[in-house]
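# Structure assessment
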Amino acid sequence: MTQRVQDIKFVEQFLTNLPSIYEMESVAKLGDLFTGQDVMLASGGPSLVNSLSAISAHRDSFVLVAILRSLPALLDFGITPDFVVMTDAADHTSKGVNLLTDDPRFYEIPLIVADYAHPTTFENRFKSCFLIQNPKLVGCPISSAIHGSRAPQMSGGSVAVSTVSIFAQFNIRSITLVGQDLSVPLSGQTYASTNVPAQGNLDLREHFTCKGIDGSEIPTLPDYAHYIKEFETLAS
């Protein structure tokens, strides 16, 4: 999908969503809640499994935000995040990647979500929704009417990078990333939960290497290598 086609899709879905979202709050309303807080962002990589016990033990030390692909693993371990976040436009119901189910545990959790998300996202699965503004529509009167003039602006090529970019504008004290695997296994499980569809054909895709925590060179994908650079830019 070219950038132009993606931009058109995002705007079309935003317009389709208007009857569902026009009375929802902007994510800007969460600024006071996050200011000065220690935030933990849980992604769905395989390493999340190794962190579940520690997350549970220190649950009260963080505002816990779960990227949707991490939610099944967290809930199955008895961990309910404070928020779930979605920033992409795909259909996550059974007609798509099958992550938005009728699990009653979802009803307890607020969702931070892009205003251009697939329309099925807004079918009352979550406790409430806080909207992220489409950065391509900043200055658009309709978008401004929903988000106001001081909505945090999302940037980045992945859900995790985009979420970090928003929280950084809330003046949080710290952010801890778990399950954010930026290297890839050439075979086997690619997400923490077996309920999440695995990435396919990884062995056929172009691979780079990146430096692991232990200093060794480990395999990664070109887009993952780009995300690493984006995280480094945000950290600086």
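Presented here is a report on the structure given in the accompanying data block. Note that this is a predicted model, so its numbers are computed, not measured.

Definitions and limits used
Residues numbered from 1 in each chain as written. Predicted model: local features only at pLDDT ≥ 70, side-chain atom pairs only at ≥ 80, totals over all residues. Heavy atoms only, no water. Helix = DSSP H or I, 4+ residues; strand = E, 2+ residues; numbered from the N terminus. Buried < 20%, exposed > 50% of the residue type's maximum accessible area, 1.4 Å probe, protein only. Contact = heavy atoms within 4.5 Å. Areas by Shrake-Rupley, 256 points an atom, 1.4 Å probe, with all protein chains shown as cover. 1 Å grid on protein atoms, 1.4 Å probe; cavity = no way out; pocket = protein on both sides within 12 Å on 5 of 7 lines; lining within 4 Å. Points joined across faces, edges and corners; volume = space filled by probe spheres on them. Nonpolar A, V, L, I, M, F, W, Y, C, P; charged D, E, K, R; others polar. Pairing = 2+ DSSP bridges. Axes fitted to C-alpha atoms, helices over the stretch in contact; angles between N-to-C directions. Phe/Tyr/Trp six-rings, centres within 6.5 Å; stacked < 30°, edge-to-face > 60°.

Attention now goes to the overall build of the protein. Helix and strand counts for the protein stand at seven helices and nine strands. Burial statistics for the protein: of 236 residues in total, 47% are counted as buried. If you take every contact in the protein between residues at least 6 apart in sequence, the share linking residues at least 24 apart comes to 61%. Counting only carbon and sulfur atoms, one obtains 51% of the accessible surface of the protein, whose full area is about 12,000 Å².

The next point concerns helix H6 (residues 159-168). Taken across its ten residues, H6 has nine buried, putting it largely inside the fold. Every buried residue of H6 is accounted for by Val-159, Ala-160, Val-161, Ser-162, Thr-163, Val-164, Ser-165, Ile-166 and Phe-167.

Before going further, it helps to spend a moment on empty space enclosed by the protein. For the structure on display, the rule yields one cavity of 30 Å³ or more. Lining the largest cavity, in full, are Ile-67, Leu-68, Arg-69, Val-85, Met-86, Asp-88, His-92 and Val-159. Looking at the lining of the largest cavity residue by residue, the class counts come to five nonpolar, one polar and two charged.

Turning our attention to the sheet that holds strand S7 (residues 174-178). Taken in spatial order, the seven strands line up as S1-S6-S5-S4-S3-S2-S7 in an open sheet, and their pairing is parallel. Edge positions in the sheet fall to strand S1 (25-26) and S7, since each has one partner strand and no second. Direction of pairing for strand S2 (residues 38-42) relative to strand S3 (residues 63-67): parallel, over a ladder of four bridges. Directly across from Val-39, in S3, lies its bridge partner Val-63. Packing against the sheet, helix H3 (residues 48-57) makes contact with S2, S3 and S7, and its axis sits at approximately 130° to S7.

Moving on: the packing of aromatic side chains. Counted by the stated rule, this structure contains seven aromatic pairs. For the pair Phe-10 and Tyr-116, a centre-to-centre distance of 4.0 Å together with 5° between the ring planes defines the contact as stacked. Residue Phe-10 is located in helix H1 (residues 3-21), and its partner Tyr-116 is located in the loop between strand S5 (111-114) and strand S6 (129-132); the two are separated by 106 residues in the primary sequence. The exposure class of Phe-10 is buried, given its relative accessible area of 13%. What links up through ring pairs into an aromatic cluster is the set Phe-34, Phe-83, Phe-130, Phe-167 and Phe-170.

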